[in-house]
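# Observations on chain architecture
One letter stands for each residue in the lines below.
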2 protein chains.
Amino acid sequence: MSTHLKGNLTVVGLGPGPDEWVTPAALDAVTKAQDLLGYIPYLNRIPNREEQTKHASDNREEITRANDALALAASGRRVVVVSGGDPGVFAMATAVCEAIDHGPGVWRDIDIRIEPGVTAMLAAAARVGAPLGHDFAVISLSDILKPWAVIEKRLRLTSEADLAIALYNPASRTRKEQIQRAFDVMKESRGHNTPVVLAKSVGRKEETLSVTTLGETNIAQIDMRTLVIVGSSATRVIARGDQLPLVYTERFVKET
Amino acid sequence: MSTHLKGNLTVVGLGPGPDEWVTPAALDAVTKAQDLLGYIPYLNRIPNREEQTKHASDNREEITRANDALALAASGRRVVVVSGGDPGVFAMATAVCEAIDHGPGVWRDIDIRIEPGVTAMLAAAARVGAPLGHDFAVISLSDILKPWAVIEKRLRLTSEADLAIALYNPASRTRKEQIQRAFDVMKESRGHNTPVVLAKSVGRKEETLSVTTLGETNIAQIDMRTLVIVGSSATRVIARGDQLPLVYTERFVKET
């Protein structure tokens, strides 16, 4: 008879950048870890400790990282996988679940914990007011994981539903045309004056924010670090002189 | 010529309950406030300090609270409005923006800051895995602020778009029929085996979690403290013996 050690794996979200947005629960998990796994820039946010081992990997290696983390946990180690933002929104919690689903049965006995965090859209929205203050949709524009036809259908239906829309992964170094096509789809059912918020590198030194409209957005300035929020018909902009305008989505919806 | 003091107002999200989910930035703002305004249970989560004044109000008084907070800030006070969860998701940041939009012009000069937090759906999702790990919609079922026809249309279109759906305000003491109608609408385009997560009072002592399906959900157990997550066609459940199953939405979407 073989016995196995019951391991322990926590997936934590470190938020969009600054330490002041990291929850005490996430910090506690990180501090207690024996092994830390993650995409290099996220691991770099954590101070080195002699008794901890960092296992850095590249952005595209989510499933390998999840498998490695589970194997370590199954061997009895206290393992933490770090994500930016919230680990449950286009991030590592999904990859870990997927790895368990397709992995050896003993992985189901591992004590899995997920520590929520501040995801990029909440930080971006907070910087300008409350554009996600009423019903909204959250859509990734990356077509690595799904066909463009699916993305387009989702954009069309959520635009028709008059939801504000937060767009993750709007572009990458090699992928620039999706965001243009997404704007074209949204313009079919939404006015060109619909407010748009572009939040680049929110919470970091190089943060830039702009408030524009669906018709006026300069698509070229949207990159992989940009979180895009497109308003609904109930999204309003409050001019404030030299300050960035406030953007919010009204709490009341009139009959359509 | 009259001068006015440039006030200062921060809207903070305290997360769903436990202190370990309150960001250092939110805690810092609360600590430095001269006046704290909020719904009574949220204010009760903050220790009393001699030099601070707490202004408690009822849940329904969002706009009055926002107006009071802005008037205090305009008089030169350092004011904090506290929300549960994230202040930008069905919470006080929207009411404050709305009050500025409709209030006296000088309110636009107030230094407004919004501190993001962990909103209920992220905490609920984290407890069971990653049901919001791919595209999703966030919809409030309260028909106090919008007609039922709008809610129904949004549920129908987001179901057709095959998004996971997080439902806020699914019921109240007096409002029980919306959640039944919502489930009926979602069943029209989604299989009865679609996973459903019910997360009641997440992060509190009385927390209860259940994983069920669209067809099997006992609607009667859903109340105002319940966050409901309905999966997409790509949401999977991983059985784990005595432990609560893991629920996640696959990262890959096949052609539809």
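Residues numbered from 1 in each chain as written. Chains lettered and ligands numbered in written order. Predicted model: local features only at pLDDT ≥ 70, side-chain atom pairs only at ≥ 80, totals over all residues. Heavy atoms only, no water.

This part is about the overall build of chain A. Looking only at helices and strands, chain A features 7 helices and 13 strands. Scaling as 2.2 N^0.38, a compact globule of 256 residues should have a C-alpha radius of gyration of about 18 Å, and chain A matches this with 20 Å. Once the C-alpha set of chain A is aligned to its principal axes, its extents read approximately 65 × 40 × 35 Å. Looking at the 256 residues of chain A, the share that counts as buried comes to 58%. For chain A, long-range pairs separated by at least 24 residues make up 68% of all intrachain contacts whose partners lie at least 6 apart in sequence. A total accessible area of about 10,300 Å² is found for chain A, and carbon and sulfur atoms account for 48% of it. For chain A, the distance from the average site of its 30 positive side-chain charges to the average site of its 31 negative ones is 1 Å. (Helix = DSSP H or I, 4+ residues; strand = E, 2+ residues; numbered from the N terminus. Rg over C-alpha atoms; globule rule 2.2 N^0.38 Å. Buried < 20%, exposed > 50% of the residue type's maximum accessible area, 1.4 Å probe, protein only. Contact = heavy atoms within 4.5 Å. Areas by Shrake-Rupley, 256 points an atom, 1.4 Å probe, with all protein chains shown as cover. Lys, Arg positive; Asp, Glu negative; His and termini not counted. Charge placed at Lys NZ, Arg CZ, Asp CG, Glu CD.)

All names here are of chain B. The buried fraction of strand 1 (residues 8-13) amounts to 5 of the 6 residues, a majority that puts the element mostly inside the structure. Taken together, the 6 bridges between strand 1 and strand 4 (residues 78-83) define a ladder with parallel strand orientation. Paired with threonine 10 across the two strands is valine 80, which belongs to strand 4. Pairing between strand 1 and strand 5 (residues 111-115): 5 bridges, direction parallel. Across the sheet, valine 12 pairs through a bridge with glutamate 115, a residue of strand 5. (Pairing = 2+ DSSP bridges.)

Even without being glycine, A:Asp162 reaches a positive phi, approximately 60°. By relative accessible area, A:Asp162 is classed as buried at 18%. Despite not being glycine, B:Ser201 shows a phi value in the positive range, around 50°. In this fold, B:Ser201 is placed in the loop between strand 9 (195-200) and strand 10 (208-213).

Right, let's get into the sheet that holds strand 4 (residues 78-83) of chain A. Residue and element names in this part refer to chain A. Ordered by their spatial adjacency, 5 strands build an open sheet running 3-2-4-1-5, and the pairing between neighbours is parallel. The open sheet has two edge strands, strand 3 (53-57) and strand 5 (111-115), and neither has a second partner. Averaged over all neighbouring strand pairs, the angle between strand axes comes to 20°, with direction disregarded. Judged from the 5 bridges that link them, strand 2 (residues 35-39) and strand 3 form a sheet pairing that is parallel. From the neighbouring strand, leucine 37 faces strand 3, where its bridge partner is histidine 55. The strands touched by helix 1 (residues 24-32) are strand 1 (8-13), strand 2, strand 4 and strand 5; relative to strand 1, the strand with the most contacts, the crossing angle is about 135°. Sitting on the sheet, helix 3 (residues 62-74) touches strand 1, strand 2, strand 3, strand 4 and strand 5, and the angle it makes with strand 2 is about 175°. (Axes fitted to C-alpha atoms, helices over the stretch in contact; angles between N-to-C directions.)

All names here are of chain A. Split into domains, chain A comes out as domain 1 (8-118) and domain 2 (121-249). A straight line from the C-alpha centre of domain 1 to that of domain 2 covers 28 Å. With 9 residues of domain 1 at the interface, the matching set in domain 2 holds 11 residues. For the pair domain 1 and domain 2, the two sides together bury roughly 790 Å², of which 70% comes from carbon and sulfur. The largest per-residue losses of area from domain 1 upon contact with domain 2 belong to Pro16, Trp21 and Phe90, which jointly make up 54% of the total buried on that side. (Domains from an automatic or database assignment. Buried area = accessible area lost by both parts, 1.4 Å probe.)

Here we come to the relation of the copies chain A and chain B. Of the transformation superimposing chain A on chain B, the axial component is 0.0 Å and the angular component is 180°, with the fit at an RMSD of 0.0 Å. As the rotation angle and translation indicate, the two copies are arranged about a two-fold axis. Across chain A, the rotation axis passes nearest the C-alpha of A:Ala137, at a separation of 2.1 Å. When you check the interface residues of chain A against chain B, 100% turn up at the interface there too, and the contact is symmetric in its surfaces. (Least-squares fit on C-alpha atoms with pLDDT ≥ 70 in both.)

This part is about the pattern of salt bridges. For the coordinates displayed, the defined rule picks out 29 salt bridges over all chains. Across the salt bridge formed by A:Glu98 and B:Arg251, the nearest N and O atoms sit 3.2 Å from each other. With A:Glu98 in helix 4 (residues 92-102) and B:Arg251 in the segment after strand 13 (243-249), this pair bridges two chains. Given a relative accessible area of 10%, A:Glu98 falls into the buried group. Two residues, B:Arg156 and B:Glu188, come together in a salt bridge whose shortest N-O distance is 3.1 Å. Residue B:Arg156 is found in helix 6 (residues 148-160), and its partner B:Glu188 is found in helix 7 (residues 177-189); the two are separated by 32 residues along the sequence. (Salt bridge = Lys/Arg side-chain N within 4 Å of Asp/Glu carboxyl O.)

Attention now moves to the interface of chain A and chain B. In this complex, chain A contributes 77 residues to the contact, which on the side of chain B involves 77 residues. The contact between chain A and chain B buries some 6,600 Å² in all, and 59% of this surface belongs to carbon and sulfur atoms. Area buried by chain A at its contact with chain B is led by A:Leu145, A:Arg154 and A:Arg251, which between them contribute 11% of it. Connecting chain A to chain B are 11 salt bridges. Of the charged contacts, one joins B:Asp135 and A:Arg154 as a salt bridge, the two residues approaching to 2.8 Å between their closest N and O atoms. For the interface between chain A and chain B, the tally reads 35 residue pairs in polar contact (both at pLDDT 80 or more). Broken down by element, the residue count for the side of chain A that touches chain B peaks at 8 residues, all from helix 4 of chain A. (Polar contact = N/O pair within 3.5 Å; in protein donor to acceptor, adjacent residues only side chain to side chain.)

Moving on, we get to the packing of helix 3 of chain A against helix 4 of chain A. All names here are of chain A. Where helix 3 meets helix 4, the axes come as close as 8 Å, and the angle between the chain directions of the two elements is 65°. Considering how the two elements wind past one another, helix 3 and helix 4 form a crossing that is right-handed. Here Glu62, Ile63, Arg65, Ala66, Asn67 and Leu70 of helix 3 come into contact with helix 4, specifically with Met92, Ala95, Val96, Glu98, Ala99 and Ile100. Looking at the contact of helix 3 with helix 4 residue by residue, the classes come out as 8 nonpolar, 1 polar and 3 charged. (Left-handed = near helix turned anticlockwise from the far one by under 90°. Nonpolar A, V, L, I, M, F, W, Y, C, P; charged D, E, K, R; others polar.)

Moving on to helix 1 of chain A. Residue pairs three or four apart in sequence face the same way in an α-helix, which turns once every 3.6 residues. Residue and element names in this part refer to chain A. Those residues of helix 1 lying buried are Ala25, Ala26, Ala29 and Val30. Within helix 1, the buried residues cover an arc of 135° as seen down the axis, which keeps them to one side. Close packing links the buried residues of helix 1 with strand 1, strand 2, strand 4 and strand 5. (Arc of directions from axis to C-beta.)

Moving on: the environment of B:Trp21. Mapped onto the elements, B:Trp21 comes out in the loop between strand 1 and helix 1 (24-32). Between the C-alpha atom of B:Trp21 and that of B:Ala123, which follows or precedes it by 102 residues, the distance is 9.1 Å.

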